[in-house]
Structure formats: C-alpha cells, structure tokens
Amino acid sequence: TVGGTREAIDPVRFISNHSSGKMGFAVAEAAASRGASVTVVAGATTVEPPANVNVIRAMSASEMHAAVKTELSSATIFVGAAAVADYAPANAANAKIKKDGRDVMTLELKKTPDILAEVSKNRHNGLLVVGFAAETNDVIGYARSKMEKKGLDLVVANDITKDGAGFNTDTNIATILTRSGGEIELPLMSKRELADKILDEVVKLRAVE
Ligand code: CTP
C-alpha cells in the first residue's frame, strides 16, 4: 500500500495527511527492478508511480482494505507503506455541508480498519508482512510494539522530526527492525536506496523461512 487515504466528510471535503507516496513507490520500483511482479494499492499520491508495476487506486481506508483483500491471495510479500487514516467521519454527508448559522462544527470519527494488522492476522502460508512506523518520539519503542501487536516480520521505523526524513522528502533516515530482535540503523539515504535495504532484509528472511 502506498500514499495517504482520503476520508470523506461530504462530497467536497475530506480528511487526509501529508503522505506523498514516495517511499512506497520506491519499494515498488526496487522490487520490480529485481524481477518481482508488483501490485501497488495506492491512495492519494503527489508523484507518478514507477513503470512496470500494476497500480490500483483506492482512496479511502475501507476502499484500500477491500482492494488489498482482493489482491492478497497471489502475494508473497505485503509491504504496508500507506499512511492510512486511523479515523474517518462516522457518517459522511451525502450533500455539501453548509456553514450557515454554525459557529462550531463537531465531526464524529470512527476507527478505520487496520489493513496491515488484518493482513498479518489472516495471512496465508509463507506471506511476509512488512510495516512502517513514522514516529516523533520513542521511535524504536513504538516501532517494536507495533511489530508485536500486529505480528510483523519487519518494521521500518523513522523519526519524522529529523531533517531529511519523513513526508514528501526524497530521502529518509530509518531503522529496520526484524522479528528476531535485529536493529539495522541506517544513515540518511534516498528513499530508493532505503527501498533496496528493506528488500535485502526481506530476502534474508525468506532464506530462513
Ligand atoms: N496501517 C494500516 N491501516 C491502518 C493504519 C495503519 O495498514 N488503518 C499501517 C501503515 O501502512 C503502516 C503501519 O500500519 O505500515 C503504521 O502503524 P500504526 O500503529 O497504525 O501507525 P499510526 O497510524 O501512526 O498509529 P499511531 O498513531 O497509533 O502511532
């Protein structure tokens, strides 16, 4: 999964985030260039997808979840790189909401499906599941707890407050955590280079499967 999701408030407005899709597309491109057959389920992105990958657009968390479920059976590796909204408006309005007479507006939000956790929980034999953890504090601690809670094989953790890391940059600074307790701390590098480092670890995990 790649990019940010858009959760409708009404037909003209949505809740979303700063995801560009650059990190996820970099992983897709790196995998395709190694000969993998790649399907990307992409939400909102600000950059073009790489060539040689199959792109399915799914804008909301629930659309993305449905598309992932359709595609998953043929997959051997799932990489959840999307910034999926954790909450969506509980009842999107069918018509444009008007502001007349309202000084205060309250939106009720409900939890979206956790695509990564669902994929991991319902995984078929041999599927490897990779997640991302974008954090501002206690990066490794939160990333490790995500790995345990969601039963992941690899987590790519990054501190989005660091210069050169995070949303919409072409570079990233990450630590790759493995399920056996490994911590690979990587320096600043392009997202494309990081994509190859992630795939190198995936290949190592496959070798011990
Ligand atoms: N993810 C997902 N579906 C969601 C939420 C997150 O697939 N509804 C995936 C992301 O693609 C990413 C990882 O889960 O790989 C991020 O983990 P998460 O704990 O959900 O991070 P946050 O959404 O940042 O949550 P929190 O605010 O609790 O840190």
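Residues numbered from 1 in each chain as written. Predicted model: local features only at pLDDT ≥ 70, side-chain atom pairs only at ≥ 80, totals over all residues. Heavy atoms only, no water.

### Observations regarding helix α1 (residues 22-33)
Its 12 residues place the ends of α1 16 Å apart at the C-alpha level, agreeing with the 16 Å of an ideal helix rising 1.5 Å per residue. Along its buried surface, α1 packs onto β3 (39-42), β4 (54-57), β5 (77-80), β8 (128-135), β10 (171-172) and α5 (191-208). Looking one or two places after α1, you find Gly35, whose phi comes out positive at around 100 degrees. (Helix = DSSP H or I, 4+ residues; strand = E, 2+ residues; numbered from the N terminus. Expected span 1.5 Å × (residues − 1). Contact = heavy atoms within 4.5 Å.)

### With respect to the site of the ligand
Taken together, 15 residues surround the ligand, and among them Gly80, Ala82, Asp86, Pro113 and Lys146 come closest. Within the backbone of Ile115, one N or O atom sits 3.0 Å away from a nitrogen atom of the ligand. For the ligand, an oxygen atom lies 2.9 Å from a polar atom in the backbone of Leu116. When the ligand sits alone it has 580 Å² of accessible area, and the protein chains cover 73% of it. Its atoms largely coinciding with the cavity grid, the ligand occupies the largest pocket. Counting residues per element, the ones that place at least two in the shell around the ligand are α3 (115-121), β8 and α4 (139-150). Looking at the shell around the ligand element by element, the count peaks at three residues for β8. A class-by-class count of the residues in the shell around the ligand yields seven nonpolar, three polar and five charged. (Near = heavy atom within 4 Å. Polar contact = N/O pair within 3.5 Å; in protein donor to acceptor, adjacent residues only side chain to side chain. Areas by Shrake-Rupley, 256 points an atom, 1.4 Å probe, with all protein chains shown as cover. 1 Å grid on protein atoms, 1.4 Å probe; cavity = no way out; pocket = protein on both sides within 12 Å on 5 of 7 lines; lining within 4 Å. Sits in = over half its atoms within 2 Å of the grid points. Nonpolar A, V, L, I, M, F, W, Y, C, P; charged D, E, K, R; others polar.)

### Points about the pairing of strand β9 (residues 154-159)
With respect to burial, β9 is a largely interior element, six of its six residues being buried. Alternating positions in β9 separate into two faces, Leu154, Val156 and Asn158 on one and Val155, Ala157 and Asp159 on the other, with burial throughout. Relative to β9, β8 runs parallel, the two sharing six bridges. Directly across from Ala134, in β9, lies its bridge partner Asn158. With α4 bridging β8 and the parallel β9, this β-α-β connection has right-handed handedness. (Buried < 20%, exposed > 50% of the residue type's maximum accessible area, 1.4 Å probe, protein only. Pairing = 2+ DSSP bridges. Right-handed = clockwise from strand over helix to strand, strands pointing away.)

### As for the pattern of salt bridges
Applying the stated criterion to the full structure yields 12 salt bridges. Put simply, Arg34 and Asp200 hold a salt bridge, and the shortest N to O gap is 2.8 Å. Here the residue Arg34 occupies a position in the loop between α1 and β3, and Asp200 occupies one in helix α5, the gap between them amounting to 166 residues. On the basis of relative accessibility, which here comes to 33%, the residue Asp200 falls in the partly exposed class. Between Glu201 and Lys204 there is a salt bridge whose closest N-O contact spans 3.0 Å. Separated by three residues within a single helix, Glu201 and Lys204 lie in helix α5, roughly one turn from each other. Beyond isolated ion pairs, a larger network of salt bridges with shared partners links Glu29, Arg34, Arg192, Asp196 and Asp200. (Salt bridge = Lys/Arg side-chain N within 4 Å of Asp/Glu carboxyl O.)

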